[in-house]
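# Architecture at a glance
What follows is each chain in one-letter form.
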Protein chains: 2
Amino acid sequence: METVKVILWGLGAMGSGMAKDIVENKKGIEIVGAIGQNPQKIGKDLGEVLGLNKKLGITISKNPAEILHSTKADVVLHSTQSFTKDVFPEIKLIVESGKNVITIAEEMSAPQVETPDLANEMDALAKKHNVTILGTGVNPGFVLDTLILTLTGACQVISKIWAARINDLSPFGPTVMKTQGVGTTVEEFHKGVENGTIVGHIGFQQSIYLIAKSLGWELDKVVESREPIITKVYRETPHVQVQPGMVAGCRHVARGFYNDQEIITLEHPQQIHPELEGIKTGDYITIEGTPTIKFADEQEIPGGIGTMATAVNMIPQVINAKTGLLTMPELPVITALMGDVRKLVKR
Amino acid sequence: METVKVILWGLGAMGSGMAKDIVENKKGIEIVGAIGQNPQKIGKDLGEVLGLNKKLGITISKNPAEILHSTKADVVLHSTQSFTKDVFPEIKLIVESGKNVITIAEEMSAPQVETPDLANEMDALAKKHNVTILGTGVNPGFVLDTLILTLTGACQVISKIWAARINDLSPFGPTVMKTQGVGTTVEEFHKGVENGTIVGHIGFQQSIYLIAKSLGWELDKVVESREPIITKVYRETPHVQVQPGMVAGCRHVARGFYNDQEIITLEHPQQIHPELEGIKTGDYITIEGTPTIKFADEQEIPGGIGTMATAVNMIPQVINAKTGLLTMPELPVITALMGDVRKLVKR
């Protein structure tokens, strides 16, 4: 049986991690192309750039159209940017080359929310070219939508969903510190939220849409808030120092309302060193209903690995799926891929 | 749009609970037939038997063939017995009447394991009659297979799965006490396991099959053990008294091996009043890998409601699915049904 053939578009931390996962851990999948942007990577062998100490025979290209049209592949793993309007031309190019797309662009987990016109266009395009488009990742895509929805499956009735993903930003670099407002004064934080430089989490609108749509809840409105996490103690990382009274992170909360009742609450407080104020990281999901279900994971599912894993793990589901623009809840149960992926694929 | 039409076959605690859930909680679904066995229910109106204080216009019949062939319906919710060989003739009858089947017969969650010939026959029959057959329930069907698999979706590699479902048998009646060995001496317990009167949990073989198949693990063997839970303290329920030194329940464990390594361990200790010896009930899932994921629910998902809920909640997925005999991991994510089910169904 032929191997499952994958092209990587985007070779930052996420794309490179997916490539490594495929090469090191997966059976029956082969990387047949790699598209990058970083001049230091272009023209080099993918294996070398991944630090694998062996060549893979794949030269990193900066020319997407050329690679996509000259290379036969089942799916493109796409990880370049976060917003649908930015990735749309790239996804269009992939689809027109007749390949399935898995993207980790956060908004693409449900592009219907922010860009319904682009969503319709992508759906039509995918159907025309007989391929599937899926946006996934750890969040949006998994923890605060697919996993929540799965847990509701054991309920007859639900009245409210509350979930929190509490993580530690300490390992991240200066860009993340800026977009989360770490190290700012309270005033700077509020200004940053206002002018859009402090963004918090990208994906709440999508997660709430996926939850409500799948359950059949019709929400009146979704409200987001971004509040500063003001530290009482000194916290620091190699990239930032935060004095008491300053901002250690962003408490981003999204609330979905129906008839003036808050029926979905998703919280994602992100800060450096939460343990210094006794805050436990973790993923917490409470579904109030018949029955009430409370699941918790005190070692939160790590964002980076989780995103790389969900993208790679959906390869067989996406190849097997009907054509069009799909979302995670529409596809079969996501699982790790421990066997030969060729056996899972119907081509 | 036409309502989704359901026939219930089996009106014990589970079937009646599903009927009540549909009547009281679901929009766009209608019960159009009911098949029972209990002479006290036959000929009566379903609403009356469910204690709804209103008639539903559905007379409970003891004649499956008649109801199935005279009534147009999308799906039959089937809850009569546990083993595939026992329910096979009933499922055949449903399929031949051109209706989809959702059954809570434990072995039907993966009939390939114990009865591969019957599984093949059902698959062919379902395809011939253009319908879908699904076995589901809280366990097997959800907690120790579908939910575990979903959690592995965020992993790049997994090396071992350990999960435990620790519950309290105190609310159950005399039949469950017998099949779990509650109130026996240790000697009686071992004899009961040997002669098959003490069965423990039905469904481990199926859950392990679903996990391994979906992950792509090829197991060498699956070993089950049933050990007595010997109480140190006096425990009692309205149906049984257990003196210290006697058996308060059955610790049923199933282990899946690959190359002599135990890579799947599923534990299901079932006993009355576990709290009397400080044992917490709950569902515990640990996936060792990259990353390691540990989820826990200290109020275990209740078996009865969970089984009724999963069966009803899968109605749209089963109606929309391709034809044949399917398993839970092959179908889209299970969710609660809070909206009009007609909107979810493609007919």
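Rules used in this analysis
Residues numbered from 1 in each chain as written. Chains lettered and ligands numbered in written order. Predicted model: local features only at pLDDT ≥ 70, side-chain atom pairs only at ≥ 80, totals over all residues. Heavy atoms only, no water. Domains from an automatic or database assignment. Contact = heavy atoms within 4.5 Å. Buried area = accessible area lost by both parts, 1.4 Å probe. Pairing = 2+ DSSP bridges. Helix = DSSP H or I, 4+ residues; strand = E, 2+ residues; numbered from the N terminus. Axes fitted to C-alpha atoms, helices over the stretch in contact; angles between N-to-C directions. Salt bridge = Lys/Arg side-chain N within 4 Å of Asp/Glu carboxyl O. Buried < 20%, exposed > 50% of the residue type's maximum accessible area, 1.4 Å probe, protein only. UniProt positions renumbered as here; feature names shortened; annotations may be inferred. Nonpolar A, V, L, I, M, F, W, Y, C, P; charged D, E, K, R; others polar.

- Looking up chain A in an unreviewed UniProt entry gives the name 4-hydroxy-tetrahydrodipicolinate reductase, with the organism given as Pelosinus propionicus DSM 13327.

## Here we look at the domain arrangement of chain A
Residues and elements named next belong to chain A.
- Taken domain by domain, chain A comprises domain 1 (4–138 + 305–344) and domain 2 (146–301).
- Taking the mean C-alpha position of each, domain 1 and domain 2 sit 27 Å from one another.
- Facing 13 residues of domain 1, the contacting portion of domain 2 comprises 10 residues.
- Carbon and sulfur atoms make up 74% of the area that domain 1 and domain 2 hide from each other, which totals about 1000 Å².

## Observations regarding the sheet that holds strand β5 (residues 132–135) of chain A
All names here are of chain A.
- Taken together, six strands build an open sheet; the order of strands is β2-β1-β3-β4-β5-β14 and the sheet is parallel. If you trace the sheet from one side to the other, it starts and ends with β2 (29–35) and β14 (324–326), each paired once. Strand after strand, the sheet turns through a mean of 20 degrees between neighbouring axes, direction not considered.
- Bridge count for strand β1 (residues 4–9) against β2 is six bridges, and the pairing is parallel. Looking at β2, one finds that W9 is bridged to I35.
- Packing of helix α5 (residues 116–128) onto the sheet brings it into contact with β5 and β14, and relative to β14 it is tilted by some 125 degrees.

## Looking at the pattern of salt bridges
- This structure, assessed with the given rule, holds 26 salt bridges over all chains.
- Its salt-bridge partner being E96 of chain A, residue K92 of chain A comes within 3.5 Å of it at the nearest N-O pair. In this pair, K92 of chain A and E96 of chain A are both assigned in helix α4 (residues 84–96), four residues apart and thus about one turn of the helix distant.
- The partner of E2 of chain B in a salt bridge is K72 of chain B, with the nearest N and O atoms 3.0 Å apart. Of the two residues, E2 of chain B is situated in the segment before β1 (4–9) and K72 of chain B in the loop between α3 (64–70) and β3 (75–78); the sequence distance between them amounts to 70 residues.
- The exposure class assigned to E2 of chain B is partly exposed, which follows from its relative accessible area of 44%.
- Residue K72 of chain B is classed as exposed on the basis of its relative accessible area, which comes to 60%.
- Residues participating in the shared-partner salt-bridge network are E2, K5, E30 and K72 of chain A.

## Side note on the UniProt feature "domain: 2,4-diaminopentanoate dehydrogenase C-terminal" (unreviewed entry) in chain A
- Using the residue numbers shown here, the UniProt feature "domain: 2,4-diaminopentanoate dehydrogenase C-terminal" (unreviewed entry) corresponds to residues 142–346 of chain A.
- With 27% helix and 33% strand, residues 142–346 of chain A has its two end C-alpha atoms placed 24 Å apart.

## Details of the sheet that holds strand β14 (residues 324–326) of chain B
Residue and element names in this part refer to chain B.
- Reading across the sheet, the six strands line up as β2-β1-β3-β4-β5-β14 and stay open at both edges, with parallel pairing between neighbours. The two strands at the open ends of the sheet, each matched to only one other strand, are β2 (29–35) and β14. On average, each strand axis in the sheet is inclined to that of its neighbour by 20 degrees, with strand direction left out of account.
- Looking at chain direction, β1 and β3 are connected through four bridges and run parallel. Within the sheet, the bridge partner assigned to I7 lies in β3 and is V76.
- Lying on the sheet, helix α5 (residues 116–128) is in contact with β5 (132–135) and β14; it crosses β14 at an angle near 125 degrees.

## Details of the interface of chain A and chain B
- The interface is formed by 57 residues belonging to chain A together with 57 residues belonging to chain B.
- Note on chain A versus chain B: buried area summed over both sides is about 4400 Å², and carbon and sulfur give 62% of it.
- The three residues of chain A that bury the most area against chain B are Q156, F295 and M338 of chain A, which together make up 17% of that side's buried surface.
- For E218 of chain A, the salt bridge identified is with K343 of chain B, shortest N-O distance 2.9 Å.
- Among the elements of the structure, α1 (13–25), α6 (143–152), β6 (157–168), α9 (204–215), β12 (282–290), β13 (293–297) and α10 (303–313) of chain A are those that each provide at least two residues to the side of chain A that touches chain B.
- Each residue belonging to the side of chain A that touches chain B can be placed in one class, and the counts come to 29 nonpolar, 17 polar and 11 charged.

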